[in-house]
Amino acid sequence: MAELDSQLDSYELTEWMVIEKMTGPLGRRRGDIQAATIAAAIANANRGKGGRKFKVTDFLIPYGEAARKTPEQMLAAVKDINRSLGGVEHGRKPDS
C-alpha cells in the first residue's frame, strides 16, 4: 500500500474513483459479482417449478461481515443449502 501511495497522486486516484463509479467495482469484487451472476443464472435455470428465484446477492461472498466459521458450521450450512434445493444426503455413516 505504501508503494501505491507513493506512486499514485490524488488526481489519478480521483480518476480511478470516477471510473469505478461509472463502470462498477474493479478488481476482485467485480469478479465476484460476475461469478455470482453466472451462479444465479445456472441455479435459476435448474430450480424446480415453484422454487424460489435466486438473486445475485445469494451468491456473493460476504467479506468481513461475519466471524470465520468452524468446519462443523460450514458443513451444516452446506447441508442446509442441499436440503433447501431438494437434495438428499448420501454421506457415509460415522464409524462405530
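Residues numbered from 1 in each chain as written. Predicted model: local features only at pLDDT ≥ 70, side-chain atom pairs only at ≥ 80, totals over all residues. Heavy atoms only, no water.

A short note on the overall build of the protein
1) Next: Scanning the protein from terminus to terminus reveals four helices and zero strands.
2) Next: Along its sequence from the N terminus, the protein presents helices and strands in the succession α-α-α-α.
3) Next: Counting the 96 residues in the protein, one finds 7% classified as buried.
4) Next: With the model as given, the accessible surface of the protein reaches about 8800 Å², and the carbon-plus-sulfur share is 59%. (Helix = DSSP H or I, 4+ residues; strand = E, 2+ residues; numbered from the N terminus. Buried < 20%, exposed > 50% of the residue type's maximum accessible area, 1.4 Å probe, protein only. Areas by Shrake-Rupley, 256 points an atom, 1.4 Å probe, with all protein chains shown as cover.)

Section: a nonpolar patch on the surface
1) Next: Among the surface-exposed residues, Trp16, Ile19 and Leu26 lie close enough to one another that they form a single nonpolar patch of about 260 Å² accessible area.
2) Next: Examined against the element boundaries, Trp16 turns out to sit in helix H2 (residues 10–23).
3) Next: For Trp16, a relative accessible area of 43% gives the class partly exposed. (Patch = residues over 30% accessible without salt bridge, like charges linked within 9 Å, V, L, I, M, F, W, Y side chains within 5 Å. Salt bridge = Lys/Arg side-chain N within 4 Å of Asp/Glu carboxyl O.)

Focus on the packing of aromatic side chains
1) Next: Within this structure, the stated rule accounts for one aromatic pair.
2) Next: Plain terms: the ring middles of Phe54 and Phe59 are 5.8 Å apart, the flat faces sit at 55° to each other, and that makes the pair tilted.
3) Next: For Phe54, a relative accessible area of 12% puts it in the buried group. (Phe/Tyr/Trp six-rings, centres within 6.5 Å; stacked < 30°, edge-to-face > 60°.)

A word on the pattern of salt bridges
1) Next: For the structure shown, the criterion picks out three salt bridges.
2) Next: When the shortest N-O distance is used, the salt bridge between Glu89 and Lys79 registers 3.4 Å. With Glu89 in the segment after helix H4 (71–84) and Lys79 in helix H4, this residue pair connects regions lying ten residues apart in the sequence.
3) Next: Relative accessible area serves as the criterion here: at 31%, Lys79 is assigned to the partly exposed category.
4) Next: Linking Arg83 and Asp80 is a salt bridge whose minimum nitrogen-to-oxygen distance equals 2.4 Å. Of this pair, Arg83 and Asp80 both sit in helix H4, three residues apart, which is roughly one turn of that helix.
5) Next: Judged by its relative accessible area of 51%, Arg83 is exposed.
6) Next: Asp80 gets classed as partly exposed once you look at its relative accessible area, which sits at 42%.

Some points on the side chain of Asp32
1) Next: Inspection of the secondary structure assignment puts Asp32 in helix H3 (residues 28–45).
2) Next: When residues no more than four places from it in sequence are discounted, the contact partners of Asp32 are Leu60, Ile61 and Tyr63. (Contact = heavy atoms within 4.5 Å.)

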